[in-house]
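Residue-level structural notes
Okay, here's what each chain looks like letter by letter:
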Amino acid sequence: MHDSGTTSESVHELAHGCVSCTLKADLLPLLCTLAARDSVHRIVLALDPAFEAEAVCEGIAGVPVAGIIGRVDGPAARDVRVAAVVTAIDARTWPAAATGDETLGELGWAWADDDRTVAQLAVGQVDFADALVVTGGAAVESLERARLGAVLSRLAPLAPVLWAESDAAVTPGAVDALLTLVPAESRRGRVFDAHAPLLRGRPPLGPEYGVELMEFTARRPFHPERLHGALDMLFDGVVTARGRVWLATQPEEVVWLESAGGGLRIGGAGRWLAAMPEDECAAAEPDRLAMAGVRWDERFGDRDISLVILVYAADPEEIRQALHWALVDDAELLQVERAPHLVAQWPDPFGEWHADPCEPDERRPAAGDGRVTETGERARKES
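This one's a predicted model, so the numbers in the text were calculated from it and none came from an experiment. (Residues numbered from 1 in each chain as written. Predicted model: local features only at pLDDT ≥ 70, side-chain atom pairs only at ≥ 80, totals over all residues. Heavy atoms only, no water.)

1. Considering the overall build of the protein chain
Summing up its helical and strand segments, the protein chain has 14 helices and 13 strands in all. Expressed as a percentage of its 383 residues, the buried residues of the protein chain come to 45%. When the accessible area of the protein chain is evaluated, it comes to approximately 18,900 Å², of which 53% is carbon and sulfur surface. (Helix = DSSP H or I, 4+ residues; strand = E, 2+ residues; numbered from the N terminus. Buried < 20%, exposed > 50% of the residue type's maximum accessible area, 1.4 Å probe, protein only. Areas by Shrake-Rupley, 256 points an atom, 1.4 Å probe, with all protein chains shown as cover.)

Laid out in structure tokens, this is it:
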């Protein structure tokens, strides 16, 4: 934090090894206390590599802070605002981390019961960034540096990038200059739900150095067992995939899919508008209602499939073919429309009864209510 032209630092350790406890009991009250001082103009949080900025920003916006003398209880966002999230990565190691399948526990630096993959962490930190600092670029070949740039421009299209030839080049002045380039429409700590646009910030859609951001959309649902088999295509040569899924066996539920490297999360994200009572549907976000109105189907309402996949070293056409194969065929679609009670009896690896080989990961919901989550690496190795 800057105080009258000087900088002071303090270290705060995890409370009970828990992110949520640390936020509530330590970090958020500290932010509110510092914000009340007239001499404090900027607070910089340097997070542990395994501590996700998104969780911190979500806590600032929504977790009530209580018990501070002279302050009315409420979220820290009443006192502080997130000016920018800056993520630093190493060009020599980030591509392998973002496309791998090792868990934090396997590397020995995870907290208790934390089975996130390194890829989920690496991709999520860049995706949430308002600005990026890339070190080690001079140590990699020009083609690999260009490919990394192509990935970053698609994963965080609004984020300006500081390519630092050495750690010594990452000075406070250089970072301050970088922050002046952050556009007004950057997220700055905002957490989007599963129904927000999947392509934010106008990323490049064409291929570049073998990197491509592909879309997959469909107006018919996935067959759950065939989708389970097709998901293997998202574990090799793909940086990330995310989007909304319509499963034939779960006609009321929006299913959220999010992968990073060899890690996969699948969870519930609320109900389709077509499955809601009229009053609940009318209370939905205006943007969601507008988009649903554009694509509304007389039989199935707003139900559809919408995925965005960032390909790094895979064939987009093979991925597209595998996902098309997983869709229900015409005869099955007729069953979905006319005999949903029979379709509900189809085997469903993504149902509440989901068991091994894809063990549940209850650490964090993917989006919405997080009814089902799984780790993709287990699915890939054991299915």
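Next comes the rest of the write-up.
2. Some details on the nonpolar core
Trp94, Phe222, Leu227, Leu257 and Ile309 are the most contacted members of the largest nonpolar core, which totals 66 residues. Of all hydrophobic cores here, the second largest spans 12 residues; its members include Leu23, Leu27, Val56 and Ala76. (Core = buried A, V, L, I, M, F, W, Y, C linked by side-chain atoms within 4.5 Å.)

3. A few points about the layout of surface pockets
A probe as big as a water molecule, rolled over the atoms, marks out the empty space that is left. The computed volume of the second largest pocket comes to approximately 720 Å³. Among the elements of the structure, β9 (212-218), α10 (286-295) and β13 (305-311) are those that each provide at least two residues to the lining of the second largest pocket. With seven residues, α10 is the largest single contributor of residues to the lining of the second largest pocket. The residue inventory of the lining of the second largest pocket, partitioned by class, reads 18 nonpolar, three polar and 11 charged. (1 Å grid on protein atoms, 1.4 Å probe; cavity = no way out; pocket = protein on both sides within 12 Å on 5 of 7 lines; lining within 4 Å. Points joined across faces, edges and corners; volume = space filled by probe spheres on them. Nonpolar A, V, L, I, M, F, W, Y, C, P; charged D, E, K, R; others polar.)

4. Digging into unusual backbone geometry
Even without being glycine, arginine 188 reaches a positive phi, approximately 45 degrees. Inspection of the secondary structure puts arginine 188 in the loop between α7 (172-179) and β9. By relative accessible area, arginine 188 is classed as partly exposed at 28%. Of note, tyrosine 209 is a non-glycine position whose phi angle comes to about 55 degrees, a positive value. Note on placement: tyrosine 209 falls in the loop between α7 and β9.

5. Structural notes on the sheet that holds β13
Within the open sheet, the five strands sit side by side as β9-β13-β10-β11-β12. Their pairing is antiparallel. Looking at which strands have only one partner, the edges of the open sheet turn out to be β9 and β12 (263-271). Across the sheet, the axes of successive neighbouring strands diverge by a mean angle of 10 degrees, strand direction being ignored. Pairing analysis gives seven bridges linking strand β11 (residues 253-260) to β12, with the strands arranged antiparallel. Bridging from a neighbouring strand, glutamate 253 pairs with arginine 271 of β12. (Pairing = 2+ DSSP bridges. Axes fitted to C-alpha atoms, helices over the stretch in contact; angles between N-to-C directions.)

6. Here we look at the packing of aromatic side chains
Here a ring pair, both rings aromatic, is described through the centre-centre distance and the interplanar angle of the planes. A full pass over the atoms with the stated rule returns two aromatic pairs. Geometrically, the ring pair formed by phenylalanine 216 and phenylalanine 222 is stacked, given 6.1 Å between the ring centres and 10 degrees between the ring planes. We note that phenylalanine 216, like phenylalanine 222, is buried. Positioned over the ring face of tyrosine 312 is arginine 147, at 4.1 Å from the centre of the ring. (Phe/Tyr/Trp six-rings, centres within 6.5 Å; stacked < 30°, edge-to-face > 60°. Lys NZ or Arg CZ within 6 Å of the ring centre and 35° of its normal.)

7. Regarding the side chain of arginine 303
Residue position: arginine 303 is located in the loop between α10 and β13. One buried charged residue, arginine 303, remains without a salt bridge, the closest side chain of opposite sign being aspartate 302 at 5.7 Å. From its side chain, arginine 303 meets the backbone oxygen of proline 251 in a polar contact 2.6 Å long. Separated by 3.0 Å, the side chain of arginine 303 and the backbone oxygen of phenylalanine 300 make a polar contact. When sequence neighbours within four positions are dropped, the list of residues in contact with arginine 303 reads Arg219, Trp246, Pro251, Trp272, Ala274 and Ala275. (Lys, Arg positive; Asp, Glu negative; His and termini not counted. Salt bridge = Lys/Arg side-chain N within 4 Å of Asp/Glu carboxyl O. Polar contact = N/O pair within 3.5 Å; in protein donor to acceptor, adjacent residues only side chain to side chain. Contact = heavy atoms within 4.5 Å.)

8. Some thoughts on the sheet that holds strand β8 (residues 161-164)
If you trace the three strands from one edge of the open sheet to the other, you get β6-β7-β8, paired in parallel fashion. In this open sheet, the two strands that pair with only one neighbour each are β6 (86-90) and β8. Strand-to-strand twist in this sheet, taken as the mean axis angle between neighbours without regard to direction, amounts to 20 degrees. Across five bridges, the pairing between β6 and strand β7 (residues 131-135) is parallel. Within β7, the position partnered with aspartate 90 by the bridge is threonine 135. With respect to the sheet, α7 is in contact with β6, β7 and β8, its orientation differing from that of β7 by roughly 140 degrees.

9. Some words on the pairing of β8
Here β8 shows one buried face, formed by Leu162 and Ala164, and one open face, formed by Val161 and Trp163. Pairing of β7 with β8 involves four bridges; the strand directions are parallel. Its bridge partner being in β8, valine 133 is matched across the sheet by leucine 162. After leaving β7, the chain enters helix α6 (residues 142-155) and then returns to the sheet as β8, a path that is right-handed. (Right-handed = clockwise from strand over helix to strand, strands pointing away.)

10. Digging into the environment of glycine 74
In this structure, glycine 74 sits in strand β5 (residues 74-75). Overall, glycine 74 belongs to the buried group, its relative accessible area being 6%. The sequence separation of glycine 74 and isoleucine 60 amounts to 14 residues, and the corresponding C-alpha distance is 9.9 Å.

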